[in-house]
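The residues making up each chain are set out below.
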Amino acid sequence: MPPSVLTMSLLGMKSAPELFRGDHSHIRNFLDHYERFCALHNVVDDQEKVHSILQYCSTKVQETIEGMIHYHIPDWDRLKHDLLKYFDTDLSDERFYERDLKNFVVNSMRCPIHSLIAFWSYNRDFICIGGWLRNQERISEDEFNRYFWAGLPSSFRHLINSHLLLLNPNLDVTHPFSYSEVTKAAEQLVKTEKGITNSFHNSLKISMSSIPMMVPEGCTSWSPFASAGSSVGNPLPESCKRKSRYASASWHI
């Protein structure tokens, strides 16, 4: 039998769309899957498309669709538009806010990183929030880099900072280290999934005792969180705030 509306798989069968229950976070994926499914079965007629979608929807969603004008006067494109509007995809478009990233950073900086698994876990969780905000242009690339750095525990930041400066003594510290620089350094330092190696501990002791954290002259302490009005990290004198690597009057946590 050639592909047609009659060959469309029933709910629960292989390749058929999963049951849509009205969750706004699933509506786009559901409609994309349904359209590909219709194309696979050569279903192009508006009436067939708008009527066939019901079998992949919960009873409540079916009743909603049956009440829409473009179901009774079949028009797939307009029905699709109505579904996206009714099931409020704007909620999905507001998945995270910058305050969510700030809260994540403040919590993460208190969690030690003792293994590659722990670093990857932090990385994944950060990308989930920070990557989404960056891709939606809610934060800039510099802010993305600052937040990623700030969410690491202080001892781990110190070690990465020292490692990068050892590799390149002329490294520009007037801008945040890039995400790629930090992740590459972290993966080089943490070499085992079972825990940080002895060489890691030794390098930590050496680096923290012999290599400064690029503290500006005249300052006694440094923190990537130090900024005017910041409540996180060690405060800096006014004369040092503009020199501190991540100090910025426009960025607070």
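**Thoughts on the overall build of the protein**
Next, step 1: In terms of regular secondary structure, the protein is built from 13 helices and zero strands.
Next, step 2: Taken across its 253 residues, the protein has 43% of its residues classed as buried.
Next, step 3: Of the contacts made within the protein by residues no fewer than 6 positions apart, 64% connect residues no fewer than 24 positions apart.
Next, step 4: In the structure as shown, the protein presents an accessible area of about 14,400 Å², 51% of it carried by carbon and sulfur atoms.

**Points about the nonpolar core**
Next, step 1: Of all hydrophobic cores here, the largest spans 32 residues; its most connected members are L101, F126, L152, F156 and I160.
Next, step 2: Contributing elements (two or more residues each) for this core: helix 7 (98-108), helix 8 (116-135), helix 9 (141-150), helix 10 (154-167) and helix 11 (179-189).
Next, step 3: Take this core: its biggest share by element is seven residues, from helix 8.
Next, step 4: Not counting residues up to four positions away in its chain, the partners in contact with L101 are F126, I129, G130, L133, I139 and Y147.
Next, step 5: Formed by 24 residues, the second largest nonpolar core is a distinct cluster that contains M8, I53, I65 and L83.

**Comments concerning unusual backbone geometry**
Next, step 1: Unusually for a residue other than glycine, S15 sits at a positive phi of about 75 degrees.
Next, step 2: By the secondary structure assignment, S15 is in the segment before helix 1 (27-40).

**Some details on the side chain of S52**
Next, step 1: Topologically, S52 is positioned in helix 2 (residues 46-52).
Next, step 2: The class for S52 is buried, based on a relative accessible area of 9%.
Next, step 3: Among the polar contacts made by the side chain of S52, one reaches the main-chain carbonyl oxygen of E48 at a distance of 2.7 Å.
Next, step 4: Residues contacting S52, with those up to four places away along its chain left out, are V5, M8 and Y34.

**With respect to helix 3 (residues 59-66)**
Next, step 1: Of the positions making up helix 3, those classed as buried are V61, T64 and I65. Taken around the axis of helix 3, the buried residues stretch over an arc of 95 degrees, which confines them to a single face. Residues T59, K60 and E63 are exposed on helix 3 and point more than 90 degrees away from its buried face.
Next, step 2: As for helix 3, its buried residues are in contact with helix 4 (69-72) and helix 5 (76-86).

**With respect to the environment of L54**
Next, step 1: Locating L54 in the fold gives a position in the loop between helix 2 and helix 3.
Next, step 2: Note: C-alpha distance between L54 and I65 (eleven residues apart in sequence) is 7.8 Å.
Next, step 3: In this structure L54 touches Q62, I65, E66 and Y71, once residues within four positions along its chain are discounted.

**Brief notes about the pattern of salt bridges**
Next, step 1: Counted under the stated rule, the structure contains three salt bridges.
Next, step 2: Two residues, E35 and K80, come together in a salt bridge whose shortest N-O distance is 3.0 Å. Of the two residues, E35 sits in helix 1 while K80 sits in helix 5, which places them 45 residues apart along the sequence.
Next, step 3: Residue classification places E35 among the partly exposed positions, given a relative accessible area of 22%.

**Side note on the packing of aromatic side chains**
Next, step 1: Throughout the structure, instances matching the rule amount to 18 aromatic pairs.
Next, step 2: Between F96 and W132 the ring centres are 6.0 Å apart and the planes differ by 75 degrees, which places this aromatic pair in the edge-to-face class. One end of the pair, F96, is in the loop between helix 6 (90-93) and helix 7; the other, W132, is in helix 8, and 36 residues separate them in sequence. By the burial criterion, F96 is buried, and W132 matches it.
Next, step 3: Considering the side-chain rings of F144 and Y179, the 5.5 Å spacing of their centres and the 55 degrees angle between planes classify their relative orientation as tilted. Of the two residues, F144 sits in helix 9 while Y179 sits in helix 11, which places them 35 residues apart along the sequence.
Next, step 4: Looking at Y179, the relative accessible area reads 22%, which means it is partly exposed.

**What to know about the confidence of the model for the protein**
Next, step 1: When pLDDT is averaged along the protein, the result is 77; 72% of the residues meet or exceed 70.
Next, step 2: Counted against residues more than four places away or in other chains, residues 192-201, with its pLDDT under 50, gives 18 contacts.
Next, step 3: This stretch, residues 203-253, has a pLDDT under 50; its non-local contacts, to residues over four places away or in other chains, come to 96 contacts.

What counts, and at which threshold
- Residues numbered from 1 in each chain as written.
- Predicted model: local features only at pLDDT ≥ 70, side-chain atom pairs only at ≥ 80, totals over all residues.
- Heavy atoms only, no water.
- Helix = DSSP H or I, 4+ residues; strand = E, 2+ residues; numbered from the N terminus.
- Buried < 20%, exposed > 50% of the residue type's maximum accessible area, 1.4 Å probe, protein only.
- Contact = heavy atoms within 4.5 Å.
- Areas by Shrake-Rupley, 256 points an atom, 1.4 Å probe, with all protein chains shown as cover.
- Core = buried A, V, L, I, M, F, W, Y, C linked by side-chain atoms within 4.5 Å.
- Polar contact = N/O pair within 3.5 Å; in protein donor to acceptor, adjacent residues only side chain to side chain.
- Arc of directions from axis to C-beta.
- Salt bridge = Lys/Arg side-chain N within 4 Å of Asp/Glu carboxyl O.
- Phe/Tyr/Trp six-rings, centres within 6.5 Å; stacked < 30°, edge-to-face > 60°.
- pLDDT = per-residue confidence, 0-100.

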